[in-house]
Amino acid sequence: TGLCYSINDLGALQYLHGQFALAKRAFQEALDIAVAIGNLWVQGVHLYNMGVVTLEQGYPTQAISLFEQALGLAREIGDRSTEAAILFDMGRAYHCLGDLERAREKLEQALGVMEASGERGHTSNIHAYLARVFLATNEEEAALAHARTGLQVAQETEDRWSLGLTHRVMGCLLYTSDAAD
């Protein structure tokens with residue numbers, strides 16, 4: 001599995017530098033090794049990583065297919081944290097497709113998994129994306145509640161990326177409110 005992790009790290013670096021095709025190739029190579037050695041957790045991680053890259057490339061439908069495969073493996077081995085991360089990104093993918101009902105469903109599932117596990121790692125992001133979904137469906141009160149909760153969790157966990165995301169969502173809410181007045 002050491003080689004798998006090394007190839008995954010290479011793919012992660014390529015992803016961070018916007019080299020999506022190279023990252024996807026690295027994740028596929030790592031996935032092939034994980035399948036060969038029969039490591040379900042590593043297989044799920046690489047399918048998930050490929051889904052994230054595919055989503056960033058602008059192919060949400062294909063990303064969902066990869067996320068579904070990864071989700072099945074995460075559930076099979078009982079990896080709740082990864083399950084929540086996958087559900088979160090599935091929600092993002094459905095949001096990209098404009099399927100706000102399914103986006104909300106996946107995001108709420110992700111939030112439920114995170115809360116049941118006692119982890120807070122993704123909760124601020126989940127609340128921020130739920131706020132975006134509620135904003136898109138003109139449910140401003142629910143959007144504001146989720147944005148505030150996401151902001152509070154991001155502040156408590158000192159997660160700078162999530163702070164930026166939740167502030168951006170709050171800005172959208174404020175802009176929308178002012179535009180309606």
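Heads up: the structure comes first, above all this text.
Values in this document were obtained by computation on a predicted structure and should not be read as measured data.

Draft legend 1. Representation of the layout of surface pockets in the model. Empty space within the largest pocket amounts to approximately 250 Å³. What lines the largest pocket is simply Tyr15, Tyr48, Val52, Glu56, Phe88, Asp89, Arg92, His122, Asn125, Tyr129 and Trp161. Residue assignment for the lining of the largest pocket shows that the elements contributing at least two residues are helix 3 (40-56), helix 5 (80-97) and helix 7 (123-136). Looking at the lining of the largest pocket residue by residue, the class counts come to six nonpolar, two polar and three charged.

Draft legend 2. View of the packing of aromatic side chains. All chains considered together, the criterion is met by three aromatic pairs. Each ring, one from Tyr48 and one from Phe67, has its centre 5.9 Å from the other, and the planes form 40°; the classification is tilted. Linking Tyr48 in helix 3 with Phe67 in helix 4 (residues 60-77), this pair joins segments that are 19 residues apart in sequence. In this pair, the class of Tyr48 matches that of Phe67, namely buried.

Draft legend 3. Highlighting helix 3. With 17 residues, helix 3 should cover 24 Å at 1.5 Å per step; its first-to-last C-alpha distance of 24 Å lies within 8% of that length. Burial of helix 3 is extensive: 14 of the 17 residues sit out of reach of the surface. Looking one or two residues beyond helix 3, the residue adopting positive phi is Gly58, at roughly 95°.

Draft legend 4. Examining the side chain of Glu83 more closely. Tracing the sequence through the fold places Glu83 in helix 5. When residues no more than four places from it in sequence are discounted, the contact partners of Glu83 are Leu71, Ala74, Arg75 and Val113.

Draft legend 5. Main features of the packing of helix 7 against helix 8 (residues 140-157). Remark: helix 7 packs on helix 8, axes separated minimally by 8 Å, with the N-to-C direction vectors making an angle of 160°. Of the possible angle classes, the one that applies to helix 7 and helix 8 is roughly antiparallel. Along this stretch, helix 7 crosses helix 8, giving a crossing that reads as left-handed. Across the interface between the two elements, Thr123, Ser124, His127, Leu130, Ala131, Phe134 and Leu135 from helix 7 touch Ala142, Ala143, His146, Ala147, Thr149, Gly150, Val153 and Ala154 from helix 8. By residue class, the composition of the contact of helix 7 with helix 8 is nine nonpolar, six polar and no charged.

Draft legend 6. How the structure looks around the pattern of salt bridges. For the coordinates displayed, the defined rule picks out seven salt bridges. Between Arg92 and Glu56 there is a salt bridge, with its nearest N and O atoms 3.0 Å apart. In this pair, Arg92 sits in helix 5 while Glu56 sits in helix 3, placing the two residues 36 residues apart along the sequence. A relative accessible area of 16% means that Arg92 is categorised as buried. One salt bridge in this structure joins Arg104 and Glu139, with 4.0 Å as the shortest N-O distance. With a gap of 35 residues between them, Arg104 in helix 6 (residues 100-117) and Glu139 in the loop between helix 7 and helix 8 connect regions that are remote in the sequence. A cluster of three or more residues bridged by salt bridges with shared partners is formed by Glu56, Asp89 and Arg92.

What counts as what
- Residues numbered from 1 in each chain as written.
- Predicted model: local features only at pLDDT ≥ 70, side-chain atom pairs only at ≥ 80, totals over all residues.
- Heavy atoms only, no water.
- 1 Å grid on protein atoms, 1.4 Å probe; cavity = no way out; pocket = protein on both sides within 12 Å on 5 of 7 lines; lining within 4 Å.
- Points joined across faces, edges and corners; volume = space filled by probe spheres on them.
- Helix = DSSP H or I, 4+ residues; strand = E, 2+ residues; numbered from the N terminus.
- Nonpolar A, V, L, I, M, F, W, Y, C, P; charged D, E, K, R; others polar.
- Phe/Tyr/Trp six-rings, centres within 6.5 Å; stacked < 30°, edge-to-face > 60°.
- Buried < 20%, exposed > 50% of the residue type's maximum accessible area, 1.4 Å probe, protein only.
- Expected span 1.5 Å × (residues − 1).
- Contact = heavy atoms within 4.5 Å.
- Axes fitted to C-alpha atoms, helices over the stretch in contact; angles between N-to-C directions.
- Parallel < 35°, antiparallel > 145°, perpendicular 65-115°, else oblique.
- Left-handed = near helix turned anticlockwise from the far one by under 90°.
- Salt bridge = Lys/Arg side-chain N within 4 Å of Asp/Glu carboxyl O.

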